[in-house]
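Breakdown of the fold
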Amino acid sequence: MILKLDFESEIPIYIQLRNQIVVAIAHGYLSQGEKLPTIRNLAEDLGINNMTVNKAYAMLKQEGFISIDRRHGAKVNPILTPDFKFKEKLEDDLTLVISEAEIRGMKKDEFMKICENIFDSMKGGNPYVI
């Protein structure tokens, strides 16, 4: 898995790292049960502070994407089932994205095609039934 961080972006590094790990899991670049690099190793490889990686891992753990054990490190959790909180967050996020697309003149068909292409690019199609 290759992570690319944009140090010029307005998006904080720990959020970029979190997002790229989530995408890597969804695309199958990281498998269920696979160990993640240690905080120290990943920070060193990326040239960032340990606390930045720690913050990203803590977020991923809180959201259920990974589990962390002091003796065995961080590893990818099995596929999660969507709960009410996730669906609520998804609806809020999509409302903003769809609003921006609408303001920029994007048609529903075009937006839906982009969504289909993204889902189709994931390993095994749609892992969630919402």
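These notes cover the structure that comes with them. Every value quoted in this text rests on a predicted model; they were computed, and no experiment measured them.

Scoring rules and cut-offs
Residues numbered from 1 in each chain as written. Predicted model: local features only at pLDDT ≥ 70, side-chain atom pairs only at ≥ 80, totals over all residues. Heavy atoms only, no water. Helix = DSSP H or I, 4+ residues; strand = E, 2+ residues; numbered from the N terminus. Contact = heavy atoms within 4.5 Å. Lys, Arg positive; Asp, Glu negative; His and termini not counted. Charge placed at Lys NZ, Arg CZ, Asp CG, Glu CD. Axes fitted to C-alpha atoms, helices over the stretch in contact; angles between N-to-C directions. Parallel < 35°, antiparallel > 145°, perpendicular 65-115°, else oblique. Left-handed = near helix turned anticlockwise from the far one by under 90°. Salt bridge = Lys/Arg side-chain N within 4 Å of Asp/Glu carboxyl O. Buried < 20%, exposed > 50% of the residue type's maximum accessible area, 1.4 Å probe, protein only. Polar contact = N/O pair within 3.5 Å; in protein donor to acceptor, adjacent residues only side chain to side chain. Phe/Tyr/Trp six-rings, centres within 6.5 Å; stacked < 30°, edge-to-face > 60°. Lys NZ or Arg CZ within 6 Å of the ring centre and 35° of its normal.

**Brief notes about the overall build of the protein**
In terms of helices and strands, the protein carries five helices and two strands. If you list the helices and strands of the protein from N to C, you get α-α-α-β-β-α-α. With the C-alpha coordinates aligned to their principal axes, the bounding extent of the protein is approximately 50 × 35 × 25 Å. Sequence separation of 24 or more characterises 54% of the internal contacts of the protein that already satisfy a separation of 6 or more. The average position of the 17 basic charges and that of the 19 acidic charges among the side chains of the protein differ by 8 Å.

**Looking at the packing of helix 2 (residues 39-46) against helix 3 (residues 50-62)**
At a closest axis distance of 8 Å, the pairing of helix 2 and helix 3 adopts a crossing angle of 120°. Considering their axes alone, helix 2 and helix 3 lie oblique with respect to each other. Crossing of helix 2 over helix 3 shows right-handed handedness. In this structure, helix 2 uses Ile 39, Arg 40, Leu 42 and Ala 43 to contact helix 3, whose residues at the interface are Asn 50, Val 53, Asn 54 and Tyr 57.

**Topic: the pattern of salt bridges**
Enumeration over the complete set of coordinates arrives at three salt bridges. Taking the shortest distance from any N to any O, the salt bridge between Glu 63 and Arg 18 comes out at 2.9 Å. Placement of the pair is Glu 63 in the loop between helix 3 and strand 1 (66-69) and Arg 18 in helix 1 (residues 13-27), with a sequence separation of 45 residues. According to the relative accessible area criterion, Glu 63 is partly exposed, its value standing at 30%. A relative accessible area of 14% places Arg 18 in the buried class.

**Digging into the environment of Asn 49**
Along the polypeptide, Asn 49 turns up in the loop between helix 2 and helix 3. Remark: the alpha-carbon pair of Asn 49 and Ile 13, spanning 36 residues in sequence, is separated by 9.9 Å. Polar side-chain contacts of Asn 49 include one of 2.6 Å to the backbone nitrogen of Met 51.

**Regarding the packing of aromatic side chains**
A full pass over the atoms with the stated rule returns zero aromatic pairs. Over the ring of Tyr 14 we find Lys 55, and its NZ or CZ is 4.2 Å from the ring centre.

**Some remarks on the environment of Ser 31**
Within the secondary structure layout, Ser 31 lies in the loop between helix 1 and helix 2. Classification of Ser 31 as partly exposed rests on a relative accessible area of 37%. When the C-alpha positions of Ser 31 and Ile 79 are compared, they lie 9.8 Å apart, and in sequence the two are 48 residues distant.

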